[in-house]
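# Structural overview
Here are the chains, one letter per residue:
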Amino acid sequence: MHLLLSLITGMLVAAGIYLMLERHLLRILFGFILLSNGINLAILTAGRLSKEALPIIPPGAATLEGSFANPLSQALILTAIVIGFGVLIFCLSLTYRAVNDSGSADADHMDWSEKGE
C-alpha cells in the first residue's frame with residue numbers, strides 16, 4: 001500500500017511541476033492544486049497507514065505497542081487542505097483580475113512592466 005501511495009504521490013508532484021512550467025495561468029493553478037495534493041499525500045504516507053487500532057494509550061501503559069498511524073500528520077494535512085483552499089481562491093481571484101485587465105491568460109502577454117503601467 002505504501003508503494004502504491006508513493007507512486008501516486010510521485011505522479012501528482014511530477015504532473016504538478018509540469019503544469020506549473022506552462023505559460024497559461026489556469027495551467028499554473030491546476031499545477032499548484034496537483035502539487036499541493038501530492039505533498040499532502042506524501043505527508044500522509046510518511047505518517048504511516050494502519051487499521052489495527054486507534055492510537056490511544058491504554059490505562060496503566062506508558063507507551064503504545066504495535067504499529068499505529070500518526071494522528072499528527074492527519075491533523076497537519078487537514079490544516080494544509082484548508083489553507084491551500086484559501087490560497088487557491090485568492091490566486092483564482094488574482095488570475096481573474098489579471099485576465100480581465102490584460103485580455104489574455106498567457107503569462108507572456110502580461111508585460112505591464114515594459115509599458116510603464
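Please refer to the structure placed before this passage.
For clarity, every value in this text was computed on a predicted model and none was experimentally measured. (Residues numbered from 1 in each chain as written. Predicted model: local features only at pLDDT ≥ 70, side-chain atom pairs only at ≥ 80, totals over all residues. Heavy atoms only, no water.)

Here we take up the overall build of the protein chain. Along the protein chain, the regular secondary structure elements total four helices and zero strands. Mapped in sequence order, the helices and strands of the protein chain form the string α-α-α-α. For 117 residues, the compact-globule estimate of 2.2 N^0.38 gives 13 Å, and the C-alpha radius of gyration of the protein chain, at 20 Å, exceeds that figure by more than 25%. Expressed as lengths along the three principal axes of its C-alpha atoms, the size of the protein chain is roughly 70 × 25 × 20 Å. Scored against the burial criterion, the 117 residues of the protein chain give a buried share of 19%. (Helix = DSSP H or I, 4+ residues; strand = E, 2+ residues; numbered from the N terminus. Rg over C-alpha atoms; globule rule 2.2 N^0.38 Å. Buried < 20%, exposed > 50% of the residue type's maximum accessible area, 1.4 Å probe, protein only.)

This part is about helix H2 (residues 25-46). When the terminal C-alpha atoms of H2 are compared, their 32 Å separation across 22 residues agrees well with the 32 Å that a helix rising 1.5 Å per residue should span. Those residues of H2 that are buried are in contact with helix H1 (2-20) and helix H3 (71-102). Arginine 48 sits one or two positions beyond H2 and adopts a positive phi of about 65°. (Expected span 1.5 Å × (residues − 1). Contact = heavy atoms within 4.5 Å.)

Within this structure, the stated rule accounts for two salt bridges. The salt bridge partner of arginine 27 is glutamate 22, with a shortest N-O separation of 3.5 Å. For glutamate 22, a relative accessible area of 24% translates into the label partly exposed. For arginine 97, the salt bridge is made with aspartate 101, and the minimal N-O distance between the two is 3.1 Å. Here arginine 97 pairs with aspartate 101, and both are found in helix H3, just four residues apart, close to one helical turn. Here arginine 97 falls in the exposed class, since its relative accessible area comes to 54%. Taking the relative accessible area as the measure of exposure, aspartate 101 reaches 48% and is therefore partly exposed. (Salt bridge = Lys/Arg side-chain N within 4 Å of Asp/Glu carboxyl O.)

What follows deals with a nonpolar patch on the surface. On the surface, Met1, Leu4, Ile8, Met11 and Leu49 cluster together into a nonpolar patch covering about 510 Å² of accessible area. For isoleucine 8, the position within the fold is in helix H1. The exposure class assigned to isoleucine 8 is partly exposed, which follows from its relative accessible area of 32%. (Patch = residues over 30% accessible without salt bridge, like charges linked within 9 Å, V, L, I, M, F, W, Y side chains within 5 Å. Areas by Shrake-Rupley, 256 points an atom, 1.4 Å probe, with all protein chains shown as cover.)

Their axes nearest at 10 Å, the elements H2 and H3 cross at an angle of 175°. Comparing their axes, H3 and H2 come out roughly antiparallel. Between H2, through Leu25, Leu29, Phe32, Ile33, Asn40, Ile43 and Leu44, and H3, the contact on the second element is made entirely by Ser73, Gln74, Ile77, Ala80, Ile81, Gly84, Val87, Leu88, Cys91, Leu92, Thr95 and Val99. Counted by class, the contact of H2 with H3 contains 14 nonpolar, five polar and no charged residues. (Axes fitted to C-alpha atoms, helices over the stretch in contact; angles between N-to-C directions. Parallel < 35°, antiparallel > 145°, perpendicular 65-115°, else oblique. Nonpolar A, V, L, I, M, F, W, Y, C, P; charged D, E, K, R; others polar.)

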